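Here are the chains, one letter per residue:
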Amino acid sequence: MIRNRILKSVFALGMLSVAAVSAHAEGIGASLLTQQHPFYIDLANAMKDEAKAKNIPLEVSIANQDLSKQLADVEDFIVKGVDVIVISPVDSQGVLAAINKAEKAGIKVITVDVPAKDAKVTSHIGTDNYTGGVKAGELMAKELGNKGNVAVIDYPTVQSVVNRVEGFKKAIAEHPDMKIVSIQTGITRAEALAAAQNMLQANPDINGIFGFGDDAALAAAVAVKAANLESQVKVIGFDGMEEARKAVDSNPVMVGVIQQFPDQMGKAAVDTAAKVIAGEEVPADQPIVPGVYTKK
């Protein structure tokens with residue numbers, strides 16, 4: 001009898017544990033690339049606001065641009081059994097295994113901002129980065145009078161940036177008197193500054209620099225000023241964060257930024273997850289057309 005009571009107690013405790021895990025697991029698990037950038041802060045805040053408005057549980061983990069941490073965070077969401085996982089990949093290819101594991105566990109995956117390369121996800125929500133890159137190239141051509149040498153600060157492991165750079169290349173190729181003379185990686189602002197300095201030293205005839213993001217562009221503008229090339233080199237960024245927009249308004253070197261809308265992405269990510277949880281069909285791709293910000 002005592003043994004039976006013990007077994008019943010253990011079983012009851014186990015059921016309570018399962019119930020607790022299930023209750024905790026309902027809703028959305030989100031693994032975001034970083035919170036060190038205003039874009040991702042705005043995206044995360046929009047997700048939290050929309051989840052609160054829809055009364056959907058949301059747990060946000062920050063990968064801090066560390067693929068290992070992102071994979072561990074996704075694994076944690078899988079173990080908890082969340083309904084939907086939202087990911088902005090640190091590495092577009094490196095995240096593939098985690099996405100496949102989530103799908104095998106019956107958890108739908110939505111990518112936001114950064115797509116996952118060669119992965120089948122339920123939906124991708126993000127800027128039309130290729131079009132944004134084309135717009136950046138067209139703006140650069142306009143600012144340089146359709147001629148000159150340009151350089152690119154890149155982040156080649158992130159598919160959204162790959163798309164931006166491809167769009168930029170396409171636009172520049174439309175102008176026979178324009179040429180891309182250098183492409184270097186500069187992920188952080190410090191790395192972008194070093195890349196810009198290296199490119200300007202190696203190619204003193206550079207007329208324009210396209211930064212894959214605003215941090216890269218702002219760093220390039222500093223390098224241009226330090227090299228006393230303000231009258232020669234124009235810089236264009238991509239994101240549209242407040243610091244970059246202010247620089248465009250006040251710094252003649254910064255001639256424009258391609259503007260993304262992270263608040264729209266965050267809201268759409270939660271709205272899409274809510275539809276998935278409800279068993280509704282959602283579009284496989286939800287592109288958000290970027291704007292172009294130039295001096296007021």
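The rules we used
Residues numbered from 1 in each chain as written. Predicted model: local features only at pLDDT ≥ 70, side-chain atom pairs only at ≥ 80, totals over all residues. Heavy atoms only, no water. 1 Å grid on protein atoms, 1.4 Å probe; cavity = no way out; pocket = protein on both sides within 12 Å on 5 of 7 lines; lining within 4 Å. Points joined across faces, edges and corners; volume = space filled by probe spheres on them. Helix = DSSP H or I, 4+ residues; strand = E, 2+ residues; numbered from the N terminus. Nonpolar A, V, L, I, M, F, W, Y, C, P; charged D, E, K, R; others polar. Axes fitted to C-alpha atoms, helices over the stretch in contact; angles between N-to-C directions. Parallel < 35°, antiparallel > 145°, perpendicular 65-115°, else oblique. Contact = heavy atoms within 4.5 Å. Core = buried A, V, L, I, M, F, W, Y, C linked by side-chain atoms within 4.5 Å. Buried < 20%, exposed > 50% of the residue type's maximum accessible area, 1.4 Å probe, protein only.

Caption draft 1: Summary view of the layout of surface pockets. The volume enclosed by the largest pocket comes to roughly 380 Å³. Around the largest pocket sit 23 residues that line it, and Thr34, His37, Gln65, Phe212 and Asp215 are the ones nearest its centre. Every element with two or more residues in the lining of the largest pocket is listed here: helix H2 (38-54), helix H6 (159-173) and helix H8 (214-226). The dominant element in the lining of the largest pocket, judged by the number of residues it contributes, is H6, at three residues. Looking at the lining of the largest pocket residue by residue, the classes come out as nine nonpolar, eight polar and six charged.

Caption draft 2: Quick peek at the packing of helix H3 (residues 67-80) against helix H4 (residues 96-104). Axis separation between H3 and H4 bottoms out at 10 Å; the angle between their running directions is 5°. Classified by the angle their axes make, H3 and H4 are roughly parallel. Contacts from Leu71, Val74, Glu75 and Ile78 in H3 reach Ala98, Lys101 and Ala102 in H4. Grouping the constituent residues of the contact of H3 with H4 by class yields five nonpolar, no polar and two charged.

Caption draft 3: Quick look at the nonpolar core. Ranked by internal contacts, the top residues of the largest apolar core, which has 76 residues, are Ile153, Ile209 and Met254. A total of eight residues in this core trace back to one element, the largest contributor, which is H8. When residues no more than four places from it in sequence are discounted, the contact partners of Met254 are Ala217, Leu218, Ala221, Val235, Ala244, Ala247 and Val248.

Caption draft 4: View of unusual backbone geometry. A positive phi angle, close to 60°, is found at Asp118, a residue other than glycine. For Asn228, which is not glycine, the phi dihedral falls at a positive 55°. Residue placement: Asn228 occurs in the loop between H8 and strand E9 (234-239).

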